[in-house]
Amino acid sequence: MTDDRRWMYRRRGPRGDYDDEFFNGLQQFFDFVYSRPGVHPNAEIRCPCSKCGNLPHHNRALVTDHLLRYGFMDAYSVWWAHGETLSNNVDPWFAASDVASSSNIEEHVNAADDFHHMVYDAFCPSEYDRHRNETEFASENVGDAPNRHAQSFYDLLRASTIPLGPASNDQTLLGWLSYMLHTKAKNNISGVGYNEIIHGCRKLLSPEDQQKVPSNFYEAKKFMKNLGLGYVKIDACVNNCFLYYGDEAKSLIACPVCGEPRYKRCNSAQTRKKDRSRNSLWYLPIIPRLQRLYMSRKTAEHMTWHLKCRVDSEILIHPAQSTAWKHFDAVHPLFAADPRNVRLGLATDGFNPWGHSSRSYSCWPVFIVIYNLPPEMCMRPEFTFLTLVISGPKSPRKNIDVFLRPLIDDLKQLWSSGIKTFDSFRKQNFTMRAMLMWTITDFPGYGMVSGWSTHGRLSCPYCMEMTRAFYLQNGRKISFFDCHRQFLPASHSYRMDTTQFLKGHCEFGRPPPRLDGHSVRLRVAALPDVLFGNPSVNQTIFGFGETHNWVKRSIFWELPYWEDNLIRHNLDVMHCQKNFFDNIIHTVMDDSSSKDNVKSRMDLPLYCDREELQLYYDRSGSLCKPNASYALNTDKKRCLCTWLKHVRFPNGFASNIARCVNLAELRLVGLKSHDCHIFMQRLIPITFRGLLPDSIWGPLTEVSNFFRALCSPNVNIKDMAVWETKIVEIICKLERIFPPSFFDCMEHLAIHLPFEARIGGPVQFRWMYPIERQMHKLKQTIGNKNHVEASIVEAYILNEITEFCSRYFGADVETSWSKPPRNFSAVPLYRNTEFSIFACPGHPMGSHSQTRCLTAQEMKAAELYVLLNCREVDALLDIFDREVGVYMTPSDPHKARTRSFVTWFKDRVLNGHHEGNGVLQYLALGPSWTVNVYREEIFQDEEPPSTQSNEHSSNLASTECMDLHAEGATVVDLNENVNDDVDENASEGNDGYETRSDASGDSSETE
């Protein structure tokens, strides 16, 4: 501390009276504060006393009185809250915990300060507003004690400075409690287990320190709960028709819609302190959670990241670059003017807390996604806020609007008037506004939130009443067969085909138009009001299923800006892809779930001209089903299942698909959504080639390539426009192969997915994968199966507290923010290497099994992999690109590197054309031909049962993990040979798969 500030903590003299130096220092303090430009002589200033802590504003007389009574707050030798300039490395808002009594302010940083910051992040602006609005420290009530909310802030602030034990100078009570609760939440430890751990830890402390530490989980949670943001429990009607929400509904004891009582009936012998509601909604208010994103210095800066990526580019990596975002900015320029305004997404789905048991139960959590954040943050669980928990046991269905009411009211407030919020990054208050961009649900959930039913013939929300879907007479289901030729160009040859599609039908129609938001609003406004919840009343809107599929007017239309969103409800790519793949794999495997069943064959003569697939009676009078070319026989199914049983993937790339293979029944069972994702995009081109005819393998591979391009993290707008046209032709090719029963709504929706990707951006921000993972975590936290929703909410609040605290932990504590990568090793495996590519921390997977020699193809792949991923070669790689760039193909600029860079590099370095160091010369020599194999799964040349003989039917895939030795260097290489090339130049009348020479080529893909 500087000598001229020592008076701040020498308030009283030896006799107990006030020191003259302190009075002089107070005059110096006020002269400094009121001499600043723009400060009125009678203005209220922050009170720096030890009781107020720079939170409330008071006049000069009251501040003087407080300083005389309580003295200055600790560590305030630099008056940062009153305009004194700090070093750029010191945060002026949170410097109260950074500034020590040493003159070297910048170097004083420790663990206690971090948790001091945490308390200020959680409380400071809101507590300041509370004190100022309620005038808690008014001059006439100077001696009053703080209220309960303020006292909790001071208790936590004090806990951030209380040390635990003389040997733990950097460990405080608040830091230790935060760490223990974080460990409990991360490992899902029960309350009993936590109590036993605390009991053992308390024995290591002195009796004095034992009194500081909460003795059990209940006390620890009670102490820390003020760092959380809480929830509100709202009673609801048991029939989901009314929410006891608002002042007028609080006094009701029965539902005004259906008359059902609000509370459970109790026996006369039972006495209850409070009536128990028959149904409840748990609401976790979204406004304080959005405010905390700006109040916390750990996240405030990231909330305006989206402003940095708004550049005109054809490559989309974030929704902020999308057409939907830019269109909304153009319509609402005042909202777009402040980049701190928040863009949100809403996601919901139901789940059964008992898994796949016979007990039916449907709990519906609702999440809010923040799109202001960078791509690596915005879909993380920490920023996917649980907002509503709708109680089971039944799905709310269209009555979900009843439960969305509190959230919609908050969203309307955030749009119209906004909420005053403190920005800890810019150190200023501002009015935060927010808007909802779209919803994310599966297809049944799409109908619940949009009001357009996703069942029946009019299930497509884009085609609406203009759809061509029809009802199969024998299959007794809706088919979208031959609904896609209308999307083809007018001159396409498929339009005039009368044999491969609906027999005798030529297509001259135009595709149905996509309605804009204003047109949809006009339709919705004309719908009658629907009474929610009461099952005894017929709520079907006239014309339902014939001219429309509306079941209600969605509550989202109450948002004033809803019609200005180009995409209001997203088609979930995850479920569309899974259902599409399920139809393919079950039909090709010809199992019990195949779309090609007896009823399907009975419908063929009615709609298609495919005599070779029609049912017939043999001589004995038995009904026979001819074998289809798209279905595998027993030998081919056994070959495929055996291959899948032994396939291996790179670590972390996919789950163990072998667990889903049933060799006894020759079928695949229990494939999860991500298993279908991997199979659809990676394995279909490999597994079916050689097992299916080229005319069938080709379109299936094109479907694989389509979903692979659609799910790319970088969306090219022009490519999506091409795929928007190409997917229609791909679906038409499938219609020439599979029966009408194959084409349900999921196959049809694929033609609308490129449009949403082109307008909304990458699907990673709009699909259900992160939401499904969130629900899986919620399911794991259920401790009381009799009170499912209460367990979920209580566990989420605790996890919310620990996640907030974990942002302030040191680097030595493993959290979701500092989680080590897979296969991590603190010490590099090869510490003496000179090559950067081999200096990465890690260890071999598995144990060393054998040694073998590389093939010529493997050697080439290994050399190319090392050279392209070694930083020491980057300079030469740039020279190579400039020299041979004129010969590169625009569609694939990496082909030149793959074809000739290794040879060019060796000639450049070994022949003296480049003055390189010894590292480059070592690399030019290449790896050794001898390798140590750690995990190996090689598929030898095994001819799969097939009527065709082709050179690609063997060696379906090769995956192995090996050591490549080259002068002491080692590399782990994955070489996956995938022949998934498709003739993209096929003519319209020919699929391009008639002969192998037209479709095959020499292509290899190295992961």
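Residues numbered from 1 in each chain as written. Predicted model: local features only at pLDDT ≥ 70, side-chain atom pairs only at ≥ 80, totals over all residues. Heavy atoms only, no water.

Caption draft 1: Structural view of the overall build of the protein chain. On a plain count of helices and strands, the protein chain comes out with 32 helices and 22 strands. Relative to its 1007 residues, the protein chain shows a buried fraction of 53%. For the protein chain, the proportion of contacts with a sequence separation of at least 24, taken over those separated by at least 6, is 67%. Carbon together with sulfur atoms contributes 49% to the accessible area of the protein chain, which is approximately 46,100 Å² in total. (Helix = DSSP H or I, 4+ residues; strand = E, 2+ residues; numbered from the N terminus. Buried < 20%, exposed > 50% of the residue type's maximum accessible area, 1.4 Å probe, protein only. Contact = heavy atoms within 4.5 Å. Areas by Shrake-Rupley, 256 points an atom, 1.4 Å probe, with all protein chains shown as cover.)

Caption draft 2: Main features of the packing of helix α29 (residues 874-884) against helix α30 (residues 895-910). In the contact formed by α29 and α30, the axes pass within 11 Å of each other and the chain directions differ by 115°. Remark: the crossing between α29 and α30 carries right-handed chirality. Taken together, the residues of α30 that come into contact with α29 (itself represented by Leu876, Leu877, Ile879, Phe880, Asp881, Glu883 and Val884) are Ala896, Arg897, Ser900, Phe901, Trp904, Phe905, Arg908 and Val909. The residue inventory of the contact of α29 with α30, partitioned by class, reads 10 nonpolar, 1 polar and 4 charged. (Axes fitted to C-alpha atoms, helices over the stretch in contact; angles between N-to-C directions. Left-handed = near helix turned anticlockwise from the far one by under 90°. Nonpolar A, V, L, I, M, F, W, Y, C, P; charged D, E, K, R; others polar.)

Caption draft 3: View of the nonpolar core. Membership of the largest hydrophobic core comes to 201 residues, with the highest contact counts inside it found for Leu290, Ile370, Tyr371, Leu407, Phe556 and Phe688. If we ignore the near neighbours within four places in the chain, the residues touching Leu407 are Tyr283, Ile286, Leu346, Val366, Ile368, Thr387 and Leu388. Trp7, Cys52, Leu68 and Tyr76 belong to the second-largest nonpolar core, a separate cluster that totals 22 residues. (Core = buried A, V, L, I, M, F, W, Y, C linked by side-chain atoms within 4.5 Å.)

Caption draft 4: Quick peek at the sheet that holds strand β8 (residues 384-390). Sheet architecture is open: 7 strands sit in the order β3-β4-β8-β7-β6-β11-β14, paired in mixed fashion. Single-partner strands in this sheet number two, and they are β3 (232-235) and β14 (569-570). Examined bridge by bridge, strand β4 (residues 280-283) and β8 share 3 bridges and lie antiparallel to one another. For Tyr283, the partnering residue across the bridge sits in β8 and is Leu388. Helix-sheet contacts for helix α27 (residues 788-806) involve β4 and β8, and the interaxial angle to β8 is about 160°. (Pairing = 2+ DSSP bridges.)

Caption draft 5: Region of interest: unusual backbone geometry. Gly392 connects to Pro393 through a cis peptide bond whose omega is 10°. Inspection of the secondary structure puts Pro393 in the loop between β8 and α14 (400-403). In this structure, Met464 takes a positive phi of about 55° despite not being glycine. When you line up the elements, Met464 lands in the loop between α16 (443-450) and β12 (470-471). Even without being a glycine, Asp590 presents a positive backbone phi close to 55°. By the element assignment, Asp590 lies in the loop between α18 (573-589) and α19 (598-607).

Caption draft 6: Spotlight on a positive patch on the surface. A cluster of like positive charges, contributed by Arg359, Lys672, Lys779 and Lys785, occupies part of the molecular surface. As for its placement among the helices and strands, Arg359 is situated in the loop between β6 (342-348) and β7 (364-370). (Patch = residues over 30% accessible without salt bridge, like charges linked within 9 Å, V, L, I, M, F, W, Y side chains within 5 Å. Salt bridge = Lys/Arg side-chain N within 4 Å of Asp/Glu carboxyl O. Lys, Arg positive; Asp, Glu negative; His and termini not counted. Charge placed at Lys NZ, Arg CZ, Asp CG, Glu CD.)

Caption draft 7: Just a nonpolar patch on the surface, in detail. Taken together, the side chains of Val598, Met602, Tyr617 and Leu623 define a hydrophobic patch exposed on the protein surface, amounting to about 400 Å² of accessible area. Under the relative-accessibility criterion, Val598 is labelled partly exposed at 39%.

Caption draft 8: The packing of helix α1 (residues 20-34) against helix α2 (residues 60-70), seen in detail. In the contact formed by α1 and α2, the axes pass within 12 Å of each other and the chain directions differ by 145°. For the element pair α1 and α2, the recorded crossing hand is right-handed. Contacts from Phe22, Phe23, Leu26, Gln27, Phe30 and Tyr34 of α1 reach α2 at Arg60, Val63, Thr64, Leu67 and Leu68. Partitioning the contact of α1 with α2 into residue classes produces 8 nonpolar, 2 polar and 1 charged.

Caption draft 9: Local environment of the pattern of salt bridges. By the definition in use, this model includes 36 salt bridges. Residue Arg262 pairs with Asp235 through a salt bridge whose shortest N-O separation is 3.0 Å. A residue pair is termed long-range when its members are at least 10 positions apart, and Arg262 in the loop between β3 and β4 and Asp235 in strand β3 qualify at 27 residues. Of the two residues, Arg262 and Asp235, neither departs from the other in class, the shared state being buried. Note that Arg514 is salt-bridged to Glu724, the shortest N-O span being 3.5 Å.

Caption draft 10: Inspection of the side chain of Glu382 at higher detail. When you line up the elements, Glu382 lands in the loop between α13 (375-378) and β8. The exposure class assigned to Glu382 is buried, which follows from its relative accessible area of 10%. A distance of 3.0 Å separates the side chain of Glu382 from the side chain of Arg380, its partner in a polar contact. (Polar contact = N/O pair within 3.5 Å; in protein donor to acceptor, adjacent residues only side chain to side chain.)

Caption draft 11: Fine view of the packing of aromatic side chains. Counted according to the given criterion, the structure contains 39 aromatic pairs. Look at Phe29 and Trp79: their rings are 5.1 Å apart centre to centre, the planes differ by 85°, and that puts the pair in the edge-to-face class. Here Phe29, found in helix α1, pairs with Trp79, found in the loop between α2 and α3 (95-98); they are 50 residues apart in sequence, far enough to count as distant. Across this residue pair, the class does not change: Phe29 and Trp79 are buried. Here Phe242 and Tyr244 contribute two aromatic rings whose centre-to-centre distance is 5.2 Å and whose plane-to-plane angle is 85°, an arrangement assigned as edge-to-face. The pair Phe242 / Tyr244 is uniform in exposure class, with both members buried. (Phe/Tyr/Trp six-rings, centres within 6.5 Å; stacked < 30°, edge-to-face > 60°.)

Caption draft 12: Fine view of helix α22 (residues 694-710). Taking 1.5 Å per residue as the helical rise, α22 with its 17 residues ought to reach 24 Å, and the 24 Å between its terminal C-alpha atoms agrees with that figure. Within α22, 13 of the 17 residues are buried, leaving the element largely enclosed by the surrounding structure. (Expected span 1.5 Å × (residues − 1).)

Caption draft 13: View of the pairing of strand β9 (residues 419-423). Judged by how many residues are buried, β9 sits mostly within the fold: 4 of 5 residues are covered. Bridge count between β9 and strand β10 (residues 428-432): 5 bridges; the pairing is antiparallel. Following the sheet pairing, Thr421 is matched in β10 by Phe430.

Caption draft 14: Representation of α18 in the model. Relative to the 24 Å expected for 17 residues at 1.5 Å per residue, α18 spans 24 Å between its end C-alpha atoms, a close match to the ideal helical length. Positive backbone phi, at 55°, marks Asp590, one or two positions downstream of α18.

Caption draft 15: A look at the state of the cysteines. Here the structure, examined in full by the defined rule, presents 0 disulfides. Cysteine Cys483 remains unbridged, with the sulfur of Cys463 as its closest cysteine sulfur at 7.9 Å. (Disulfide = S-S within 2.5 Å.)

Caption draft 16: The confidence of the model for the protein chain, seen in detail. This prediction gives the protein chain a mean pLDDT of 80; 77% of its residues lie at or above 70. Per-residue pLDDT stays below 50 along residues 125-146; that stretch engages in 48 contacts with residues further than four places along the chain or on separate chains. Confidence over residues 936-1007 falls short of pLDDT 50; this stretch has 182 contacts with residues more than four positions distant or in other chains. (pLDDT = per-residue confidence, 0-100.)

Caption draft 17: Examining the environment of Val232 more closely. Within the element layout of this structure, Val232 appears in strand β3. Given a relative accessible area of 38%, Val232 falls into the partly exposed group. Spatially, the C-alpha atoms of Val232 and Pro285 are 7.6 Å apart, while their sequence positions differ by 53 residues. Once residues lying within four places of it in the same chain are set aside, the contact partners of Val232 are Leu281, Trp282, Tyr283 and Pro285.

Caption draft 18: Representation of the environment of Asp497 in the model. Within the element layout of this structure, Asp497 appears in the loop between β13 (478-479) and α17 (517-525). The exposure class of Asp497 is buried, given its relative accessible area of 15%. Once the C-alpha coordinates of Asp497 and Glu507 are considered, the two residues, 10 residues apart in sequence, prove to be 8.4 Å apart. Ignoring anything within four residues of it in the chain, the contact list for Asp497 reads Arg485, His505 and Arg736. Reaching out from Asp497, the side chain makes a polar contact with the backbone nitrogen of Gln500 at a distance of 3.2 Å.

Caption draft 19: Inspection of the environment of Arg852 at higher detail. Mapped onto the elements of the fold, Arg852 is located in strand β20 (residues 850-853). Residues Arg852 and Asn932, spaced 80 residues apart in sequence, show a C-alpha to C-alpha distance of 6.7 Å.

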